[in-house]
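Inside the fold
Residue strings, one per chain:
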Amino acid sequence: MATATYPPPPPYYKLYKDYLQNPNSAPEPPAPIRGTYVLYGANYTTDDVLPTLEEQGVRQLYPKGPNVDFKKELRSLNRELQLHLLELADVLVERPSQYARRVEDISLIFKNLHHLLNSMRPHQARATLIHILELQIQRRKQAVEDIKRRREEAQRLLQEALGTLDGQ
């Protein structure tokens with residue numbers, strides 16, 4: 001019985017046999033997937049939309065709408081989280097059997113904090129991109145200035161060399 005180190009190539013490699021002579025002979029790649037699709041038994045979507053807390057079955061603790069003051073709401077949820085953690089510590093000391101409700105409340109606050117932070121990701125990505133582009137512009141300006149400085153230095157050295165040669 002013969003064994004191979006590598007499996008044979010897939011049969012569609014024959015579609016590319018004339019590629020070196022005619023690059024247009026290769027088939028076009030498939031069109032990008034739009035909408036929903038199934039991968040390994042799970043449904044996915046190509047829409048890059050953050051699902052709302054209600055869609056996830058979680059109660060929203062901050063006001064709804066497009067004009068949410070993220071800083072204020074994050075601070076408020078953070079204070080509420082601290083209060084609930086202190087209450088949990090108190091309950092664990094005095095009534096250990098009643099901790100489950102406090103843990104659920106803390107979990108709800110964490111989910112709301114996480115959702116608020118995730119809703120800020122597009123803004124963070126834009127700000128990061130702007131910062132990267134500004135750094136690139138600054139580096140390129142510095143490179144141009146460095147090239148100009150070196151060019152002037154080279155011209156000065158050439159002038160000195162010409163002056164030295166003329167003087168001899």
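Everything below is about the structure printed above this text.
Residues numbered from 1 in each chain as written. Predicted model: local features only at pLDDT ≥ 70, side-chain atom pairs only at ≥ 80, totals over all residues. Heavy atoms only, no water.

1. What to know about helix α1 (residues 70–94)
- Between its first and last C-alpha atoms α1 spans 36 Å; for 25 residues at 1.5 Å apiece the expected length is 36 Å, and the two agree.
- What α1 keeps buried is the set Glu73, Leu74, Leu77, Leu81, His84, Leu88 and Val91.
- The elements touched by buried residues of α1 are α2 (99–119). (Helix = DSSP H or I, 4+ residues; strand = E, 2+ residues; numbered from the N terminus. Expected span 1.5 Å × (residues − 1). Buried < 20%, exposed > 50% of the residue type's maximum accessible area, 1.4 Å probe, protein only. Contact = heavy atoms within 4.5 Å.)

2. Describing the pairing of strand β2 (residues 42–45)
- Sheet topology note: the strand β1 (residues 36–39)/β2 ladder contains four bridges and is antiparallel. Each residue of the ladder has a partner; that of Thr36, found in β2, is Thr45.
- Hairpin geometry of β1 and β2 is characterised by an intervening segment of two residues between the two adjacent antiparallel strands and by a positive phi of about 50° at Tyr40. (Pairing = 2+ DSSP bridges.)

3. Considerations on the pattern of salt bridges
- Considering all chains together, one arrives at seven salt bridges under this definition.
- Ionic pairing is found between Arg102 and Glu87, a salt bridge with its closest N-O pair at 3.6 Å. In this pair, Arg102 is assigned in helix α2 and Glu87 in helix α1, connecting sequence segments 15 residues apart.
- One salt-bridge network, in which partners are shared between bridges, spans Asp146, Arg149 and Arg150. (Salt bridge = Lys/Arg side-chain N within 4 Å of Asp/Glu carboxyl O.)

4. A look at the side chain of Glu73
- For Glu73, the location among the structural elements is in helix α1.
- Ignoring sequence-local partners within four residues, the contact set of Glu73 consists of Tyr62, Pro63, Val68 and Leu116.

5. Focus: unusual backbone geometry
- At Tyr40, a position not held by glycine, the phi torsion is positive, near 50°.
- By the element assignment, Tyr40 lies in the loop between β1 and β2.
- Taking relative accessible area as the criterion, Tyr40 reaches 83% and is therefore assigned exposed.

6. Topic: the environment of Leu20
- Summarising the element assignment, Leu20 is placed in the segment before β1.
- In this structure Leu20 comes out as exposed when scored by relative accessible area, which is 79%.
- Note: C-alpha distance between Leu20 and Ala127 (107 residues apart in sequence) is 44 Å.

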